[in-house]
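Summary of the model geometry
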Amino acid sequence: MTEEVNYSKFGQTVSELEAQPKSSQKKEMTPEERYDLIARSLEEVTKPELLKEILSKRHPKIYWGTATTGKPHLAYFVPMSKISDFLRAGCEVTILLADLHATMDCQKTPWDLLKQRVRYYKEGVTAMLLSIGVPIEKLRFVIGSTYQLKSDFTLDAMKLFAQCSVHDAQKAGAEVVKQTASPPLSNLIYPLYQWLDEEYLDCDAQFGGTDQRKIFMSAEKYLPKIGYRTRSHLMNKMVPGLTGGKMSASDESSKIDLLDTAKQVKKKINKVFCEEGNVEVNPLMKWIENVIFLIRGEFVLEVRDSDSVTYKDFSQLEQDFADKKIHPADLKQSMVSVLNELLEPIRKRFATPEMQAVIEAAYPTKKPGKDKKGKKDKKKKK
């Protein structure tokens, strides 16, 4: 069920919130206002009545999980901006660093790198939140393996194994887990563990992209079968990747990495399909709508040999592009500028020797046995 939301009271972006006097930020919201803020800009909210009932009694507990696979990318700003909304609405927010899920999904993360990738993801998510002005004091970070390897979780997993068919497990993970002709058993377990995360993180709602919908719907079906309550599910729109499909952390060709240099960002944006007048198939327009406007509430168009134009309304920007009043080259250059402004604080945070070591440990660039010194040592031993 998709809930229609009144955005008029909560049109502020993260930037506008930071500019408000502290007294106005502390004003107590009604349950209805808190719900509107939680649900604004979401593609879908399931079981909204459950969330509204909780809001009438207390602050809801919401969790967002991310499998610690490839390096986080630009599209992560979408959930980060919503986490800001949840915190402003008084929610208790948990970020799950799903390390076991990262290896269950066709071993996208090798076992020996799980710990290092968790550290990188925590630092990366923290840097993103700080870069858009989101306070992190009330956030709770949890690593999946800290509870998923315990006996009570394993027992509940066994109960789900007995209830769930292979067909339903495959269907649940179809849009999230890598699909192969002969999938490993871990691919089937992946969604079932995610269902249980809702109970073991003691949440009232799980938040994720629309690609998670099948997992969310199956959680609503199967958790009650082993005695656990149904939760609400909050879903944001998916941002297309550079090649038109889903922007994926494990697919380098589809994404703009958080630590890409200014030159790399420009090179990648210049390659994105952006046909003059075409707003239907246009990844840049989708990014501007779902990332830039959500965070900044405006888009500054840099026009070659002319003054820049600031758009406060996305629909006007979209219409001007459709009418061919905006050249694709100007849109691309403007996107390059705003993305580099957004990413620069993150680059600086990771520029220290300590953070560089974190990156190298999580995503090693030197492969064992490939360096010259290692070869010489091997010859000496012979």
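Heads up: these notes are all about the structure in this document. Small disclaimer: the values here were computed from a predicted structure and weren't measured.

In the structure shown here, the tally under the stated rule is 23 salt bridges. Salt-bridge contacts for E123 lead to R349; the nearest nitrogen and oxygen are separated by 3.4 Å. Of the two residues, E123 is situated in helix α7 (residues 114-131) and R349 in helix α16 (residues 328-349); the sequence distance between them amounts to 226 residues. Each of R40, K82, D85 and R88 takes part in salt bridges that share partners, so that together they form one network.

Let us now look at the side chain of D260. Turning to its location among the elements, D260 is positioned in the loop between β6 (232-236) and α13 (262-271). Within polar-contact distance, the side chain of D260 engages the side chain of K268 at 2.7 Å. Each residue touching D260, except ones within four places of it in the same chain, is listed here: V265, K268 and R347.

Turning next to the packing of aromatic side chains. Aromatic ring pairs are described here by two measures, namely the spacing of the ring centres and the angle between the planes. Per the stated rule, a full pass over the model turns up 11 aromatic pairs. Here the aromatic rings of W64 and Y76 are separated by 6.1 Å at their centres, their planes lie at 85 degrees, and the arrangement is edge-to-face. With W64 in strand β2 (residues 61-67) and Y76 in the loop between β2 and α5 (77-88), the pair connects residues that are 12 residues apart, well separated along the chain. Summarising the burial analysis for this pair, W64 and Y76 share the class buried. Seen from their ring centres, Y120 and Y363 are 5.3 Å apart, and the 85 degrees between their planes marks the pair as edge-to-face. Separated by 243 residues along the polypeptide, Y120 in helix α7 and Y363 in the loop between α17 (353-362) and α18 (372-381) bring together distant segments of the chain. Comparing Y120 with Y363 shows no difference in burial state: the two are buried.

Calculation criteria
- Residues numbered from 1 in each chain as written.
- Predicted model: local features only at pLDDT ≥ 70, side-chain atom pairs only at ≥ 80, totals over all residues.
- Heavy atoms only, no water.
- Salt bridge = Lys/Arg side-chain N within 4 Å of Asp/Glu carboxyl O.
- Helix = DSSP H or I, 4+ residues; strand = E, 2+ residues; numbered from the N terminus.
- Polar contact = N/O pair within 3.5 Å; in protein donor to acceptor, adjacent residues only side chain to side chain.
- Contact = heavy atoms within 4.5 Å.
- Phe/Tyr/Trp six-rings, centres within 6.5 Å; stacked < 30°, edge-to-face > 60°.
- Buried < 20%, exposed > 50% of the residue type's maximum accessible area, 1.4 Å probe, protein only.

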